[in-house]
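Summary of structural features
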2 protein chains.
Amino acid sequence: MEHAVIMAGGSGTRFWPKSRARLPKQLLSLVTGKPLLVDTVERLDGLFARERVRVVTNAAYADASRALLDGVPAQNVVAEPCGRDTAACIALAATLIDRDDPDAIVCVLPADHVVSPAADFRAALSRAIDVVRNRPDGLLTFGVKPTRAATGYGYIERGDQLGSSGGAPFFRVASFREKPDAATAERFVADGRFSWNAGVFVFRARTMLRAIRTHLPALAAAVPKVADEWTSTGRIAEAHYAALQKISIDYGVFEKESDVVVMEATFGWDDVGSFAALARVLAHDAGGNAVVGSATMLDATNNVVLADGGHHVALLGVDGLVVIHTGDATLVCRKDDAERVKEMVARLEREGRRELL
Amino acid sequence: MEHAVIMAGGSGTRFWPKSRARLPKQLLSLVTGKPLLVDTVERLDGLFARERVRVVTNAAYADASRALLDGVPAQNVVAEPCGRDTAACIALAATLIDRDDPDAIVCVLPADHVVSPAADFRAALSRAIDVVRNRPDGLLTFGVKPTRAATGYGYIERGDQLGSSGGAPFFRVASFREKPDAATAERFVADGRFSWNAGVFVFRARTMLRAIRTHLPALAAAVPKVADEWTSTGRIAEAHYAALQKISIDYGVFEKESDVVVMEATFGWDDVGSFAALARVLAHDAGGNAVVGSATMLDATNNVVLADGGHHVALLGVDGLVVIHTGDATLVCRKDDAERVKEMVARLEREGRRELL
């Protein structure tokens, strides 16, 4: 059977003051009016029964996540006591799934990306599942055709075409390239063989567990006990989880495996990495302003505004700003500085403003 | 005796969202934590007994003004049913005062300027009162030494020195100049003989009433009946007040009288004409940010922030902005556009957002 694993480990300090210590990015309603995690689960309906959807998230967010996800069994929301990056997360989920379903195919998805239309996404996953069914020893990743020379993503270099599925070609991965500098990113985009690594993976659980045993043997040795603990007690002691090797699945496994294929993402994708990204995924007015909530723009262009609770935001003569209003705090920054919002969170922490974090 | 007349006719749309239809600039606490009108009245304590302080304001603000001003008799807060500019306001106040005290000397003061230190202001008024006592047929105005080539003020050209009072010289006014263009303003400031018209006037009530009869005979003829109506009923019918000639005291009287003297304002003065002006009158942090309320600045410079009710404003990497947070609305504009806030108010009115006005 096919199973989905939604990685919901993020804390989202780049979305302060919308995101808070108790309200990470994946639980925010940034785009559709629903929390990103809910969008992610609903997007899978029709392809995965909800009892085969698992969410791996921080223990602090587990109950809130369960409350949002009708039909996903409570024990399917796996609570990490601390973050140990994606290899530990995927090793644990694959182990739990493999125990239930030794022939399982697993789709791994980030919880907090914007993907649309949902039908295109399901069709693409479906084709990828077929590829993995026919290539049981291989791993599959999706590559997003780059639309700008982004330096914040890993890139995947496409090699030879190995076949196609439902009309969509798949290719051997020639190389994974870590986040490039600007000049290299320009070259990658111009080249045409490079795509962004979107963090969407498909593989047989067995194959991934075998790969982890090969490349991350310490992790592979430790995870079964952690899985036992989760299954028997519904929690994982922080000391046990913190002892796991902390490494991403990209570095730890994908870059080291030889049988990895890439399919092009035939769906709209944005990781919404900061408030500035909302300008890409939200509707615009004629002046290029993206607004969620109540706002008036007078000679104001290319701004991103989010306003909670009926509060009205009025922008006069400003360009390229991010203005985020919440009940107790308002952020104003330039779109160019949206990635630096985490520095503001760190500053507030140093200033002892716990109530705002 | 000496009497004070505080002109509190403004509505202050340049201070939205702090100012509202029911809360004009003079009732706002922009600088000291007290409403500007209260600061204006308290500044006079020791020079004028409060029963000799009159406030002329719109009927909509009369009760709120009375509630703020301990010791000022209720009937001294004169309620205009509509605005008819400063000549009508001063004609009415002078008429009411003259009926009580035929030898009255009147000091006219705007309600919504920032003046400090108060002791220097009282000393300057005191010297001006002495000048008028010795020149009973003349009018006196204060001139503020210009600190920049402002185009938003009227200028007063100083003529010959006529004498001095308490060591402070006074001069014949050579000319009044209306709001100049930028080049003319530069010339005025360089010249040294020009000062800003601060709207602070001293005169005998009798002399002003005589001047109004001479230069504005229709106004002079109509005002006594309006004064009767106020005294007997405590209100003025809008139709009666609206029928008065609408003209400023500067155009209508001062520019036409020959015996006008000017004294230099030996006190700090700012008319706080917009949020940008707050940068001049509020304390700054090292980055030039002027903040009232709770705020965190990260690489943010030269901004003006007002935040009500404990709400926290966080500015990241922005320069020269005005950010005004109130319970139901937030304004963001450039300091350079602060004069245009009234356009935002007009826009909101067109959009039917009455609840925000």
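Just so it is clear, the structure is predicted and the values come from calculations on it, not from any experiment.

Once that is clear, we can look at the overall build of chain A. For chain A, the helix and strand inventory stands at eleven helices and 17 strands. Taken against the 2.2 N^0.38 rule, which gives 21 Å for 357 residues, the C-alpha radius of gyration of chain A at 21 Å falls within 12% of a compact globule. With the C-alpha coordinates of chain A rotated into their principal frame, the extents come out at 60 × 50 × 35 Å. Considering chain A as a whole, with its 357 residues, one finds that 49% of them fall into the buried category. Here the contacts in chain A between residues at least 6 apart in sequence split such that 64% fall between residues at least 24 apart.

Attention shifts here to the relation of the copies chain B and chain A. Superposing chain B onto chain A requires a rotation of 180° together with a translation of 0.0 Å along the rotation axis, leaving an RMSD of 0.0 Å. Put plainly, the chains are arranged around a two-fold axis. The residues that chain B uses at the interface reappear at the interface of chain A in 100% of cases, marking a shared surface.

Below, the discussion takes up the interface of chain B and chain A. Across the boundary between the two partners, chain B contributes 29 residues, which contact 29 residues of chain A. Split by residue class, the side of chain B that touches chain A holds 16 nonpolar, six polar and seven charged.

A word on the sheet that holds strand E13 (residues 294–298) of chain A. Strand pairing in a sheet relies on backbone hydrogen bonds. The paired strands run either parallel or antiparallel. The strand order across the open sheet built from six strands is E13(A)-E15(A)-E17(B)-E16(B)-E14(B)-E12(B), with neighbouring strands paired in mixed fashion. Sheet topology places E13 of chain A together with strand E12 (290–292) of chain B at the edges, where each strand pairs with a single neighbour. Adjacent strand axes in the sheet meet at a mean angle of 10° when their direction is disregarded. In terms of strand pairing, E13(A) meets strand E15 (residues 312–316) of chain A through five bridges, oriented parallel. By the bridge assignment for E15(A), A:Thr296 is matched with A:Ala314. Helix H11 (residues 341–350) of chain B contacts E13 and E15 of chain A together with strand E17 (329–334) of chain B of the sheet and is inclined by roughly 125° relative to E13(A).

On to the domain arrangement of chain A. Residues and elements named next belong to chain A. In terms of domains, chain A is made up of domain 1 (2–270) and domain 2 (275–356). Averaged C-alpha coordinates put domain 1 and domain 2 at centres separated by 29 Å. Listed as interface residues are ten residues of domain 1 and, on the opposing side, 17 residues of domain 2. For the side of domain 1 that touches domain 2, the per-class residue count stands at six nonpolar, one polar and three charged.

This part is about the sheet that holds strand E17 (residues 329–334) of chain A. With mixed pairing, six strands are arranged side by side in an open sheet as E12(A)-E14(A)-E16(A)-E17(A)-E15(B)-E13(B). Edge positions in the sheet fall to strand E12 (290–292) of chain A together with strand E13 (294–298) of chain B, since each of these pairs with one other strand and no more. Pairwise comparison of adjacent strand axes, ignoring direction, gives a mean angle of 10° for this sheet. Its contacts with the sheet place helix H11 (residues 341–350) of chain A against E17 of chain A together with E13 and strand E15 (312–316) of chain B, and it is angled at close to 125° to E13(B).

Helix packing for two helices is described by the angle between their axes and how far apart those axes are. Residue and element names in this part refer to chain B. Interaxial distance between helix H3 (residues 85–100) and helix H7 (residues 217–233) falls to 9 Å at its minimum, and their mutual angle equals 55°. Classified by the angle their axes make, H3 and H7 are oblique. Along this stretch, H3 crosses H7, giving a crossing that reads as right-handed. Contact residues: Ala87, Ala88, Ala91, Leu92, Thr95 and Leu96 in H3; Leu219, Ala220, Val223, Pro224, Val226 and Ala227 in H7.

Here we take up the environment of A:Arg193. Residues and elements named next belong to chain A. Mapped onto the elements, Arg193 comes out in the loop between helix H5 (182–191) and strand E9 (194–204). Along the primary structure Arg193 and Arg158 are separated by 35 residues, whereas in three dimensions their C-alpha atoms are 5.3 Å apart. For Arg193, the contacting residues outside a window of four places in its chain are Glu157 and Arg158.

Turning next to the environment of B:Gly143. Residues and elements named next belong to chain B. In this structure, Gly143 sits in strand E6 (residues 139–144). Each C-alpha atom of the pair Gly143 and Ala49 lies 26 Å from the other, and the pair is 94 residues apart in sequence. When near neighbours in sequence (up to four residues on either side) are disregarded, Gly143 contacts Ile156, Ser195, Trp196, Asn197, Val262, Glu264 and Ala265.

This part is about unusual backbone geometry. Residue and element names in this part refer to chain B. The amide bond that connects Trp16 to the next residue, Pro17, takes the cis arrangement and shows omega of 5°. Assignment of secondary structure puts Pro17 in the loop between strand E1 (2–8) and helix H1 (36–42). Here the residue pair Ser116 and Pro117 is connected by a cis peptide bond, since its omega of -10° sits within 30 degrees of zero. You can see Pro117 is positioned in the loop between strand E5 (114–116) and helix H4 (118–134). Although it is not a glycine, Asp299 sits at a positive phi angle of roughly 50°.

With that settled, the discussion passes to the pairing of strand E2 (residues 53–58) of chain A. Residues and elements named next belong to chain A. The element E2 is largely enclosed, with a buried count of five among its six residues. The pairing of strand E1 (residues 2–8) with E2 spans five bridges and is classified as parallel. Across the sheet, residue Ala4 finds its bridge partner in E2, namely Val53. For the crossover from E1 across helix H1 (residues 36–42) to E2, the handedness is right-handed. In terms of strand pairing, E2 meets strand E3 (residues 77–80) through four bridges, oriented parallel. Within E3, the position partnered with Thr57 by the bridge is Ala79. In this fold, E2 hands off to helix H2 (residues 59–68), which returns the chain to E3; that crossover is right-handed.

Rules and cut-offs
- Residues numbered from 1 in each chain as written.
- Chains lettered and ligands numbered in written order.
- Predicted model: local features only at pLDDT ≥ 70, side-chain atom pairs only at ≥ 80, totals over all residues.
- Helix = DSSP H or I, 4+ residues; strand = E, 2+ residues; numbered from the N terminus.
- Rg over C-alpha atoms; globule rule 2.2 N^0.38 Å.
- Buried ≥ 20, exposed ≤ 12 C-beta atoms within 10 Å, placed from the backbone.
- Contact = placed C-beta atoms within 7 Å.
- Least-squares fit on C-alpha atoms with pLDDT ≥ 70 in both.
- Nonpolar A, V, L, I, M, F, W, Y, C, P; charged D, E, K, R; others polar.
- Pairing = 2+ DSSP bridges.
- Axes fitted to C-alpha atoms, helices over the stretch in contact; angles between N-to-C directions.
- Domains from an automatic or database assignment.
- Parallel < 35°, antiparallel > 145°, perpendicular 65-115°, else oblique.
- Left-handed = near helix turned anticlockwise from the far one by under 90°.
- Right-handed = clockwise from strand over helix to strand, strands pointing away.

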